[in-house]
Protein chains: 2
Amino acid sequence: MEDLYPSRVYDKPKILERKDPVLYGSPGELKEGPLNKQQLDFYETNGFLLLDNFFSPEEVKEMRKHLDLLWEENRDNDSPEVIREPESNEIRSIFDAHRKNEMFNRLSRDPRVTDIIRQILGSDIYVHQFRINFKPGFKGKEFYWHSDFETWHVEDGMPRMRAISCSILLTDNHSYNGPLMLIPGSHKKYVSCVGETPEDNYKFSLKKQELGVPDNESLTRMVKEGGITTAAAPAGSLLLFECNTMHGSNGNITPLPRSNVFFVFNSVKNKLVEPFSGLKPRPEYIANRTIQTPVLQNS
Amino acid sequence: MEDLYPSRVYDKPKILERKDPVLYGSPGELKEGPLNKQQLDFYETNGFLLLDNFFSPEEVKEMRKHLDLLWEENRDNDSPEVIREPESNEIRSIFDAHRKNEMFNRLSRDPRVTDIIRQILGSDIYVHQFRINFKPGFKGKEFYWHSDFETWHVEDGMPRMRAISCSILLTDNHSYNGPLMLIPGSHKKYVSCVGETPEDNYKFSLKKQELGVPDNESLTRMVKEGGITTAAAPAGSLLLFECNTMHGSNGNITPLPRSNVFFVFNSVKNKLVEPFSGLKPRPEYIANRTIQTPVLQNS
C-alpha cells in the first residue's frame with residue numbers, strides 16, 4: 001500500500017498537507033447524528049471538541065471507583081499492559097482496560113459516544129486502543145507534543161486519518177494540573193518527523209516519547225498559526241480529538257491528580273495494514289488488529 | 001537569637017502559625033503609599049498582588065534586550081552565579097544580575113517599585129537577592145513548591161517575615177507555559193519541613209530543590225483551604241509576593257518561553273543573622289549580607 005504519510009524517513013522534518021477529510025459522514029448522516037452543525041463545524045476547523053459534563057456525577061463516581069480498583073489491582077503487576085513512570089515506577093497508563101473490566105467495556109460501547117463517532121467517521125467503527133492515564137499529583141510528568149496518527153501510521157499501519165480519540169476526564173482538569181493542550185487546526189497538517197524507528201520502540205516510547213516527536217520549528221509555526229487550547233473542564237467532560245491533532249500536556253506539581261480514560265475509535269474502512277516502518281506490528285493491547293469489539297456489530 | 005520559625009529540625013512536618021504582621025507600614029504610611037486600600041487588603045489576605053502591565057511595552061523590550069545579552073554573555077560562563085538545568089545544562093537562573101548590568105541595577109532602584117515595598121514593609125529596604133529566571137520553551141522544567149522564607153531563614157539567617165519578592169514578567173505568562181502558581185493565604189502558615197541541611201546545599205538546591213520542600217499532606221491541606229492562583233498575565237506585569245507565600249511552577253513544553261526578573265527586598269530592620277541551620281552562610285550573590293545597595297539611602 002502506498003504510504004501517503006511518510007514519517008521517520010527523511011533527513012529533515014517536513015510539514016505535509018492532510019490528504020483526508022475530517023468529516024466522513026454523508027450529508028444525511030451528519031445531519032441526523034447527535035452533534036449539531038455548529039459542533040461539527042468546530043470539530044472540522046479545530047480538530048477537537050470538548051463536551052462539558054457529558055457524563056453525570058454518578059457515572060463519574062462509578063468510573064473513578066473502577067479506576068481506583070484497577071490502580072490497586074495492578075500495583076505490583078509487571079505485565080506489559082501496565083506502563084510505569086521512567087523515574088518513580090508509578091503507574092502511568094494501563095492499556096486494554098476495557099477487556100479487563102466490565103464497566104469500562106460497557107463504556108467502550110456506550111451509544112452516546114459511539115453515535116457521535118459514527119456520525120463523524122461515516123461508517124461502522126471499532127475500538128483501536130483503550131487505556132487509562134494516571135497523572136498523579138506532586139510528580140506527574142509531561143506528555144510531550146505528538147500526533148497520535150503519526151505513531152499509529154508508522155508503528156501500527158493505520159493507513160488514513162479516519163480515527164478519533166475520546167478522553168473522559170475523571171478528575172477536574174484545571175489549567176494548572178497538567179490538562180491536555182491542543183493546537184487548533186494542526187490536524188490539517190502532517191509533520192513528517194525525523195529519526196528511524198528501532199525494533200520494539202513502544203517499550204520505551206510509552207514511558208517517554210522520543211521518536212515521532214515534531215521538531216521545534218514545526219511546533220513553533222503551528223502554535224503561531226493556531227495557538228494553544230487547554231482542555232480545562234470538570235470531571236465527566238468528554239474531549240473528542242482527531243487522530244492527527246497535535247497535543248501534549250505539562251507536568252503536574254499540584255496536589256490534584258489528573259486522570260482520564262482514553263479510547264480510540266477507528267473506522268472499519270481504515271483497518272490496520274502492515275506498519276509503514278517495515279517493522280513488526282506492536283502488540284494487540286496497544287493496537288487492535290483483530291477487531292472483535294461489539295461496536296462493530298451496530299451494538 | 002531565638003528561632004521563631006524552626007525548620008528541618010523535627011522528625012515530622014508541622015504547620016506553625018505566622019508570628020509576624022503582613023503589612024508593616026504605619027496607618028499614615030499605608031494610606032499615603034502607591035497601593036490603595038483594596039490592593040493592600042488583597043495582599044494581606046492572599047499574600048500576593050499582581051499588577052497587570054506595570055511596565056510599558058518599551059521598557060519590556062529594553063529588559064528583554066538585556067536579558068538576551070546576559071544569556072549570550074553567560075553561555076559559557078562557569079561562574080557560580082550562573083545556575084544550569086540539571087539535565088540539559090541550559091541556563092536556568094543568573095544571580096546578582098543587578099551588579100553586572102546597569103539597566104537591571106536601575107530597575108532594582110526604580111521608585112515605582114520601591115515605594116510600594118516601603119509602603120508595605122514600613123521601613124527602608126535593600127535588595128536581598130536579584131536574579132533572572134529562564135524557563136525555555138519545549139523543555140522548561142518545573143520549580144517545586146516552596147516558601148522562599150523557609151530557605152532564607154534556615155540557610156541565610158533571615159530572622160522574620162519582612163521581605164517581598166518581585167517578579168517582572170518578561171514574556172507573556174499564559175496558563176500553559178509554566179506560570180507561577182501561588183496558594184492564596186499560605187503566607188499565614190509556616191510549614192516546618194523535614195530533613196537536615198547538608199553543607200553547601202545551595203550548590204544542588206538551585207538546580208533542583210529537594211530540601212525545605214513541604215510534605216504532600218501540608219500542601220494538600222493548604223490547597224484545600226486556599227486553592228491555587230495562576231499568575232497568568234502579559235509581559236510587563238509585576239507580581240509581588242510575600243516571602244512566605246507557598247509557590248511553584250510546572251514545566252513548559254510549549255514553544256513559548258517564560259522568563260522573568262526576580263528580586264527580593266528585605267527590610268533594613270530584618271537584616272540577616274547567622275543561618276539558623278548552624279551552617280556557614282550562603283554566598284553574597286544569593287543572599288546579600290553586606291547591604292550596599294543604594295535603595296537603602298532613600299534613592
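Residues numbered from 1 in each chain as written. Chains lettered and ligands numbered in written order. Predicted model: local features only at pLDDT ≥ 70, side-chain atom pairs only at ≥ 80, totals over all residues. Heavy atoms only, no water.

Colleague: Hey, could you run me through helix α9 (residues 216–226) of chain B in this one?
Modeller: Residue pairs spaced three or four apart in an α-helix point in one direction, given the helix's 3.6 residues per turn. All names here are of chain B. Along α9, the residues classified as buried are Ser218, Leu219, Met222 and Val223. An end-on view of α9 places all buried positions within 130 degrees of arc, on one side of the element. Seen from the buried face of α9, the exposed residues on the opposite side, beyond 90 degrees, are Glu217, Lys224 and Glu225. Looking at the buried side of α9, the elements it contacts are β1 (14–17), β6 (143–146) and β9 (189–192). (Buried < 20%, exposed > 50% of the residue type's maximum accessible area, 1.4 Å probe, protein only. Helix = DSSP H or I, 4+ residues; strand = E, 2+ residues; numbered from the N terminus. Arc of directions from axis to C-beta. Contact = heavy atoms within 4.5 Å.)

Colleague: Can you walk me through the interface of chain A and chain B in this structure?
Modeller: How big an interface is tends to be stated in terms of accessible area lost as the parts join. With 24 residues of chain A in contact, the opposing surface of chain B contributes 24 residues. Here chain A and chain B share an interface that buries about 2000 Å² over both sides, 62% of which is from carbon and sulfur atoms. Among the residues of chain A in contact with chain B, A:Phe138, A:Tyr176 and A:Ile253 are the three that bury the most area, contributing 33% of the side total. Our enumeration of links across chain A and chain B arrives at two salt bridges. Note that B:Glu142 is salt-bridged to A:Lys141, the shortest N-O span being 3.7 Å. The interface formed by chain A and chain B holds six residue pairs in polar contact (both at pLDDT 80 or more) in total. Residue contributions to the side of chain A that touches chain B peak at four residues, all from helix α9 (residues 216–226) of chain A. (Buried area = accessible area lost by both parts, 1.4 Å probe. Salt bridge = Lys/Arg side-chain N within 4 Å of Asp/Glu carboxyl O. Polar contact = N/O pair within 3.5 Å; in protein donor to acceptor, adjacent residues only side chain to side chain.)

Colleague: What am I meant to see in the pattern of salt bridges here?
Modeller: Two side chains that carry opposite charge are able to pair once their charged atoms sit near each other. All names here are of chain A. Under the defined criterion, the tally for this structure stands at 36 salt bridges over all chains. Across the salt bridge formed by glutamate 62 and lysine 65, the nearest N and O atoms sit 3.9 Å from each other. In this pair, glutamate 62 and lysine 65 are both assigned in helix α3 (residues 57–73), three residues apart and thus about one turn of the helix distant. Overall, glutamate 62 belongs to the partly exposed group, its relative accessible area being 33%. If you follow the salt bridges from partner to partner, you end up with Arg8, Glu150, Glu155, Asp156 and Arg282 in one network.

Colleague: Explanation requested: the packing of aromatic side chains in the structure shown.
Modeller: For any two aromatic rings, the description comes down to two numbers: the centre-to-centre distance and the angle of the planes. Enumeration according to the criterion identifies 22 aromatic pairs over all chains in this entry. Measuring from ring centre to ring centre gives 5.2 Å for B:Tyr5 and B:Phe149, while their planes differ by 85 degrees; the resulting arrangement is edge-to-face. With B:Tyr5 in the segment before β1 and B:Phe149 in helix α7 (residues 148–156), this pair connects stretches of sequence that are 144 residues apart. For the pair B:Tyr5 and B:Phe149, a shared accessibility class is recorded, and that class is buried. Consider the rings of B:Phe54 and B:Phe55, whose centres lie 5.1 Å apart with planes at 70 degrees: the pair is edge-to-face. For B:Phe54, a relative accessible area of 22% puts it in the partly exposed group. When its relative accessible area of 2% is taken as the criterion, B:Phe55 is described as buried. Through a chain of ring-to-ring contacts, the aromatic side chains of A:Phe104, A:Phe130, A:Phe263 and A:Phe265 assemble into a single cluster. Of note, A:Arg92 hangs over the ring of A:Phe143, and the distance from its end group to the ring centre comes to 3.8 Å. (Phe/Tyr/Trp six-rings, centres within 6.5 Å; stacked < 30°, edge-to-face > 60°. Lys NZ or Arg CZ within 6 Å of the ring centre and 35° of its normal.)

Colleague: Looking at this structure, how should I read the sheet that holds β6(B)?
Modeller: Whenever strands of a sheet pair, they do so through backbone hydrogen bonds, lying parallel or antiparallel. All names here are of chain B. Taken in spatial order, the four strands line up as β6-β12-β8-β10 in an open sheet, and their pairing is antiparallel. Looking along the sheet, the strands with just one partner apiece sit at the ends: β6 and β10 (229–230). Taken together, the two bridges between strand β8 (residues 180–182) and β10 define a ladder with antiparallel strand orientation. Bridged to methionine 181 within β10 is threonine 230. (Pairing = 2+ DSSP bridges.)

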